[in-house]
Amino acid sequence: MTVIPLPRAWQLTGAMLIGAAVGVVLGVLATLQVQASLRPDAVIALVLGVPTVLGLLFILTASRRWMTVVGAFTLAIAPGWFAVLVLIQVVHGA
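Below, the structure is looked at part by part.

What counts and how
- Residues numbered from 1 in each chain as written.
- Predicted model: local features only at pLDDT ≥ 70, side-chain atom pairs only at ≥ 80, totals over all residues.
- Heavy atoms only, no water.
- Helix = DSSP H or I, 4+ residues; strand = E, 2+ residues; numbered from the N terminus.
- Buried < 20%, exposed > 50% of the residue type's maximum accessible area, 1.4 Å probe, protein only.
- Contact = heavy atoms within 4.5 Å.
- Areas by Shrake-Rupley, 256 points an atom, 1.4 Å probe, with all protein chains shown as cover.
- Salt bridge = Lys/Arg side-chain N within 4 Å of Asp/Glu carboxyl O.
- Axes fitted to C-alpha atoms, helices over the stretch in contact; angles between N-to-C directions.
- Parallel < 35°, antiparallel > 145°, perpendicular 65-115°, else oblique.
- Left-handed = near helix turned anticlockwise from the far one by under 90°.
- Nonpolar A, V, L, I, M, F, W, Y, C, P; charged D, E, K, R; others polar.

Thoughts on the overall build of the protein
- Along its length, the protein carries 3 helices and 0 strands.
- Reading the protein from its N terminus to its C terminus gives the helix and strand order α-α-α.
- Referenced to the eigenvectors of the C-alpha coordinate spread, the extents of the protein come out at roughly 45 × 25 × 20 Å.
- A total of 94 residues make up the protein; the buried ones form 24% of that total.
- Sequence-distant contacts in the protein: of pairs separated by 6 or more residues, those separated by 24 or more amount to 76%.
- In the form shown here, the protein has an accessible surface area of approximately 6600 Å², with 75% of it arising from carbon and sulfur atoms.

Quick notes on the pattern of salt bridges
- The full count for this structure, using the stated rule, is 1 salt bridge.
- Arg39 is the partner of Asp41 in a salt bridge, and the nearest nitrogen-oxygen pair spans 2.5 Å.
- The exposure class of Arg39 is exposed, given its relative accessible area of 57%.

Notes on the packing of helix H1 (residues 9–33) against helix H3 (residues 65–92)
- Interhelical geometry of H1 versus H3 gives an angle of 40° and a closest axis separation of 6 Å. As judged from the angle between their axes, H1 and H3 are oblique. In the crossing of H1 with H3, the sense of the turn from one axis to the other is right-handed.
- Looking at side-chain class alone, the contact of H1 with H3 contains 19 nonpolar, 7 polar and no charged residues.

As structure tokens, this is what we get:
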């Protein structure tokens, strides 16, 4: 059984904080760039599914501490991106 190499707490926290901020920026940019009408369930699956699966894959296969940090960063993109999409829906009254 292998152990996931954990970096220092401040590194992990910083990566997740920056990942959430990048998720917000990606959400805004994607909303501005994509003009096509997409099904909401497909968008939610993409926005939450892809970064989550990639981040968990990075974390579970990490052999170095920096790989765990990259996985946490990737994993943290999903909530930021999803928050932007929810905010847009709330503001538009949908």
